[in-house]
Every structure is written in C-alpha cells, then in structure tokens.
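Structural overview for review
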Amino acid sequence: MADRRWRVAVLGATGLVGDTMIKVLEEREFPVSELYPLASNRSLGKDVSFRGRRQPVLDVETFDFASADIGLFSAGGDVSRLYAPKAAAAGCVVIDNTSEFRYDEDVPLVVPEVNPQAIGGFRPRGIIANPNCSTIQMLVALKPLHDAAGIERINVATYQSVSGAGKEAVDELAEQSVALISGRGPVKPRVIAAQIAFNVVPQIDRFMDNGYTKEEMKMLWETRKILGDDTVRVSATAVRVPVFFGHSEAVSIETRRKLSVADARALLEAAPGVKVLDERRPGGYPTAAVEGANQDTVYVGRIREDMSHDRGLTLWIVADNVRKGAATNSVQIAEILVRDHL
C-alpha cells in the first residue's frame, strides 16, 4: 500500500515532543491524509502548523479515535493509560512515548535501528511503546557492537538536558540562569529536584528501594527487552545538566569477545543512524548543543579501550533527546508500521 495515506492523531500536540512529532511528520514526508492535533481542554483555542497551514487543537475527551489510523501519544503516562486502550479498541494503532506500556510483555518496545522486527507484535494490544530517550541513543550505538562481540555489561553515566523533563524545565533553566546572572539568587527549584542553572543534579525520576532512580532502572529494563537478552547487566547513573537540548552519555561496555577500537569504529561507521566523530584533538568529538541538538543522528566519539578490563571499550554518545530520543523514533516506527504491517 505504498500510495496509501494515513489519518494521524498526535496526542500532546502542544507539548515539546508533540510539537516536534508534527514537524518530523512534515519533514520526513510521512503520508498523512488528515492530521488531528489533540490535547486536553486546557489547550483549546491553540493551534499548530502543518504543511503551511494552521490547524486547531482538538479536545481529546471528545475525539473519536475511529477517525484515525495511527496515534502518536506524548501527553504523560496517566493520559496514555486512559486513552491508548480506547484508541486501540477503535482501530487506531498507538505509538506511545510514555513509560506506561514499555514493560508489558505483549507491547513491543522498539528502536527501528535495533529491533524493527518487534513492530509486528503490536496486534494483541494495538500499542507500540517508544523507549526512554537515553536508552534509544545508547542502543542505536551499541547494537552493532553487541551483534559482533556480545555485550555482557554496560556502565553508563548520562548527562541529560532539561528538555527531557518538558517545556516547564526548559523555562526553569532559562529563568534560573537569568536570575543568577543578574544577582537575584538564590533560586527555588520547581521542576528539577535541585537548582539546575550552573549545576548538575544526580537525580532523574523518583528513587527506588535499591538506591537507583527509576530513570536509571529504565535503562536496564528497556535494554534487556529491546535486545532480547536478559543476561546483559546494566548500571546507570542519570544526571540532569544545564543544557537545553541534547543528551550525552559516557558508556563503558564489557564484551564476550574482545573488540578492538579499530573494529568498533568500523562497525559504528557502518551502523544505521550513527555518525562517528572521533578525532583525538581538542574539539574532535560530538557535543550535545553543537552536534546533537536539532538532529536525528546518534553521534559517537571518544572510542577507546577500557584500561580496567581486558574486553572493555569506552564511548561518548550524543543525540537530541526530543527528536531521535522521542519524536523521530516514533515517526520511524510509524513508517515501518505502515510499510510492512498495515
């Protein structure tokens, strides 16, 4: 059905990710016959731009999901919990960007460059889950290395931008920065757990009983499900940093078979969705604000042997968390869905 066009609902259309989903649909020329931007009634009166014209935001409470073929959801777990089953029951396949369904066995959790074959498992529930942004960029880079040498263990520290916590967190960083530069401190945190301007905060999401945060545990749970390998060990430390867009990760892996730096670089250079920027000179590596932001590519640099392990490698991974880490990944799933499964 290459010439078919599809009716697409975007829930959370006025948020950072929802707005970007609409932009990415247009940029990638997804075959949309009708776009339905949805939000709560608090957003009524707002509109969005798509293909050169403004479209009013519709109230999700009164929307008939039988009018849509595909739903791109990014309005929070509580909203998805309520509306995703309703949409699926009406025949609208939901691609959900929240954590609500990620760990359900009968809901595929998909990174198109890693496990596109999993998309076909959407039929029992009519829902496909989009992984956490940090998991997405890490696994796009690690998949070719896992295929070649088998990854036994991953140790990752993330440096996550405030946009990962939504528009209010972006505003908070801007407001705190202005206040502190102007000498109007101290500032009172509202969205991020502690002052984020000119600071780093080693907490994202709530603490679990084991001392890890839920954000850190997501990287373990999701990595195992996406790779289909429950033996992979993952230890994560997730940190919020004063960057507006783009997540960075320092990743160390241990493999079953020794993988040289040269072999790893060659595998990464051939991997879909990856660009290697790895020159051993000042500035010869990717950064979130310069390379990562506003791009759909996962950048990898600082590739080197881990001096603490005979079969270890260490890498630096950067990507735009709102685009590849959320909106673009969702649209890529939709592209495969309509091409191969609908």
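Residues numbered from 1 in each chain as written. Predicted model: local features only at pLDDT ≥ 70, side-chain atom pairs only at ≥ 80, totals over all residues. Heavy atoms only, no water.

1. A short note on the nonpolar core
Ranked by size, the top nonpolar core spans 57 residues in total, and within it Phe 65, Leu 142, Ile 154 and Leu 268 carry the most contacts. A total of eight residues in this core trace back to one element, the largest contributor, which is helix H3 (residues 133-149). In this view, Leu 142 contacts Ile 151, Ile 154, Val 251, Ile 253 and Leu 315; residues no more than four positions away in its chain are not counted. With 33 residues, the next largest nonpolar core counts Ala 13, Ala 39, Val 93 and Phe 122 among its residues. (Core = buried A, V, L, I, M, F, W, Y, C linked by side-chain atoms within 4.5 Å. Buried < 20%, exposed > 50% of the residue type's maximum accessible area, 1.4 Å probe, protein only. Helix = DSSP H or I, 4+ residues; strand = E, 2+ residues; numbered from the N terminus. Contact = heavy atoms within 4.5 Å.)

2. So, the sheet that holds strand E5 (residues 58-59)
Taken in spatial order, the six strands make up an open sheet running E5-E2-E1-E6-E7-E8, and their pairing is parallel. The sheet terminates laterally at E5 and strand E8 (127-129), the two strands that pair on one side only. Two elements, strand E2 (residues 32-39) and E5, share two bridges in a ladder whose sense is parallel. Bridge pairing in E5 links Leu 38 to Leu 58. (Pairing = 2+ DSSP bridges.)

3. A few points about the side chain of His 146
Assignment of secondary structure puts His 146 in helix H3. Excluding anything up to four places from it in sequence, His 146 contacts Ile 151, Leu 227, Asp 229, Val 232 and Arg 256.

4. Comments concerning helix H5 (residues 214-227)
The terminal C-alpha atoms of H5 lie 20 Å apart, and with 14 residues this matches the ideal 20 Å at 1.5 Å per residue to within 8%. Counting buried residues in H5 gives 11 out of 14 residues, a clear majority hidden from the surface. Residues of H5 that are buried: Lys 214, Glu 215, Glu 216, Met 217, Lys 218, Met 219, Leu 220, Glu 222, Thr 223, Ile 226 and Leu 227. At its buried positions, H5 is contacted by H3, strand E9 (151-160), strand E10 (233-240) and strand E11 (247-255). Gly 228, located one to two residues past H5, shows a positive phi value of around 65 degrees. (Expected span 1.5 Å × (residues − 1).)

5. A closer look at the pattern of salt bridges
A complete count under the given rule lists 25 salt bridges for this structure. The salt bridge partner of Glu 335 is Arg 28, with a shortest N-O separation of 2.8 Å. One end of the pair, Glu 335, is in helix H8 (residues 323-340); the other, Arg 28, is in the loop between helix H1 (16-27) and E2, with 307 residues separating them in the sequence. Overall, Glu 335 belongs to the partly exposed group, its relative accessible area being 23%. Classification of Arg 28 by relative accessible area gives partly exposed; the value is 32%. Two residues, Arg 153 and Glu 254, come together in a salt bridge whose shortest N-O distance is 3.3 Å. Highlighted residues: Arg 153 in strand E9 and Glu 254 in strand E11, separated in sequence by 101 residues. By relative accessible area, Glu 254 is classed as buried at 15%. (Salt bridge = Lys/Arg side-chain N within 4 Å of Asp/Glu carboxyl O.)

6. Description of H3
End to end, H3 covers 24 Å across 17 residues, agreeing with the expected 24 Å (1.5 Å per residue, within 8%). Of the residues flanking the start of H3, the one acting as N-cap is Asn 132, its side-chain oxygen 3.0 Å from the backbone nitrogen of Ser 134. Looking at the residues trailing H3, positive phi occurs at Gly 150, about 75 degrees. (Polar contact = N/O pair within 3.5 Å; in protein donor to acceptor, adjacent residues only side chain to side chain.)

7. Topic: the sheet that holds strand E14 (residues 312-319)
In space, the six strands of this open sheet follow the order E10-E9-E11-E14-E13-E12, with mixed pairing throughout. Looking at which strands have only one partner, the edges of the open sheet turn out to be E10 and strand E12 (274-276). This sheet shows a mean twist of 20 degrees between the axes of neighbouring strands, independent of strand direction. Pairing geometry for strand E13 (residues 298-305) and E14, over five bridges, is antiparallel. Pairing of Val 300 across the sheet is with Ile 317, part of E14. Strands in contact with H5 are E9, E10 and E11; relative to E10, the strand with the most contacts, it is inclined by about 140 degrees. (Axes fitted to C-alpha atoms, helices over the stretch in contact; angles between N-to-C directions.)

8. A closer look at the packing of H3 against H5
For any two helices packed against each other, the geometry comes down to the angle between their axes and how far apart the axes lie. As a packed pair, H3 and H5 sit with axes 11 Å apart at the nearest point and diverge in direction by 40 degrees. The orientation of H3 relative to H5 falls into the category oblique. For the crossing formed where H3 meets H5, the hand is right-handed. On H5, the residues touching Ser 134, Thr 135, Met 138, Leu 139, Lys 143 and His 146 of H3 are Glu 215, Lys 218, Met 219, Glu 222, Thr 223, Ile 226 and Leu 227. Within the contact of H3 with H5, the residues separate by chemical class into five nonpolar, four polar and four charged. (Parallel < 35°, antiparallel > 145°, perpendicular 65-115°, else oblique. Left-handed = near helix turned anticlockwise from the far one by under 90°. Nonpolar A, V, L, I, M, F, W, Y, C, P; charged D, E, K, R; others polar.)

9. Quick notes on the pairing of strand E3 (residues 47-50)
Here E3 shows a clear split, with Val 48 and Phe 50 buried on one side and none of Asp 47 and Ser 49 buried on the other. Two strands pair when backbone bridges link them, and E3 and strand E4 (residues 53-56) are joined in this way by four bridges, in the antiparallel orientation. Note on E4: the bridge partner recorded for Val 48 is Gln 55. As consecutive antiparallel partners, E3 and E4 are separated by two residues, and within that stretch Arg 51 has a phi angle of approximately 55 degrees, a positive value.

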